[in-house]
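# Analysis of the macromolecular model
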Amino acid sequence: MQILVDADACPVKDEVYRVAIRHGVPVTIVANSYIRIPEHRLISRQIVSDSFDAADDWIAEQADADAVVITADILLADRCLKAGARVIGSTGKPFTDDSIGAAVATRAILADLRVGISETGAPRGGGPAPFTKADRSRFLSALDEALVALKRGR
């Protein structure tokens, strides 16, 4: 078992470390630049090139049925699900085979809207909602559940 973290802009790295250590599961933090990690035998860092999607490509290549992937990237989530991994967003919402199609479609629609122009001629704004304590709590619960299920072979 392993946890792979798409570390760029991931707000729950500390939570991942805590749950992984409690379960005795190795964690790999993947980024295209140096990210500080705690010194622990279960926690490692993988620095990839700064080319576009290098971190995503590395994670997708490592993902398998024994992996839990932490990412907010819907396209990476889709690739990892196809490889058999469990995937959890940083807000604790799991990506599943049943939900990923709608998530990819919504992402495409929102991308189209972001390039649109408002009635005033200004670019449209937006972005993700602020990260909350409830998101953090939901994430901790979802990661714990995913690791327990993997240990049980489900």
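A brief structural summary. Since we're looking at a predicted model, the values are computed, not measured.

## Re helix α3 (residues 74-82)
One turn of the α-helix equals 3.6 residues, which is why residues spaced by three or four share an orientation. Considered for burial, the residues of α3 that qualify are Ile74, Leu76, Ala77, Asp78, Cys80 and Leu81. If you check the start of α3, you find a side-chain oxygen 2.9 Å away from the backbone N of leucine 75, and it comes from aspartate 73. Backbone geometry just downstream of α3 places glycine 84 in the positive-phi region, at approximately 100 degrees.

## Focus: the sheet that holds strand β2 (residues 27-31)
Taken in spatial order, the six strands line up as β3-β2-β1-β4-β5-β6 in an open sheet, and their pairing is mixed. Edge positions in the sheet fall to β3 (43-47) and β6 (94-95), since each has one partner strand and no second. The pairing of β2 with β3 spans five bridges and is parallel. Of the residues in β3, the one forming a bridge with valine 27 is isoleucine 43.

## Some thoughts on the pattern of salt bridges
What the rule picks out here adds up to five salt bridges. The residue arginine 136 makes a salt bridge to glutamate 15 at a minimum N-O spacing of 2.7 Å. Of this pair, arginine 136 sits in helix α5 (residues 133-151) while glutamate 15 is found in helix α1 (residues 13-23), placing the two residues 121 residues apart along the sequence. Residue arginine 136 is classed as partly exposed on the basis of its relative accessible area of 30%. A salt bridge links lysine 82 to aspartate 78; the shortest N-O distance between them is 3.2 Å. Note that lysine 82 and aspartate 78 are positioned in helix α3 at a spacing of four residues, about one turn of the helix.

## Re the side chain of histidine 23
Within the fold, histidine 23 resides in helix α1. A polar contact of 3.0 Å, which involves the side chain of histidine 23, links it to the side chain of lysine 151. Non-local contacts of histidine 23, meaning those with residues more than four positions away in its chain, are made with Asp144, Leu147, Val148 and Lys151.

The rules behind the values
- Each chain carries its own residue numbering, running from 1 in the direction its sequence is written.
- Predicted model: local features are reported for residues with pLDDT of at least 70 only, side-chain atom pairs are reported and counted for 80 or more only, and whole-chain, interface and lining totals are derived from all residues.
- Only hydrogens and water are set aside; all other atoms, that is, all heavy atoms of the structure, feed into the side-chain values.
- The cut-offs for exposure are 20% and 50% of the maximum accessible area for each residue type, with area from a 1.4 Å probe on protein chains only; residues under the lower value are buried, those over the upper are exposed, and the others partly exposed.
- Helix numbering and strand numbering both begin at the N terminus, where a helix is a DSSP run of H or I of at least 4 residues and a strand a DSSP run of E of at least 2.
- Polar contact is the term for a pair of N or O atoms within 3.5 Å; when the atoms are in protein, one must be able to donate a hydrogen and the other to accept it, and sequence-neighboring residues count only if both atoms are side-chain atoms.
- DSSP calls a pair of strands paired once it identifies at least 2 bridges connecting them.
- What counts as a salt bridge is simple: a side-chain nitrogen of Lys or Arg found within 4 Å of a carboxyl oxygen of Asp or Glu.
- In this description, contact between two residues means that some pair of their heavy atoms is separated by no more than 4.5 Å.

In short, geometric facts, not functional conclusions.
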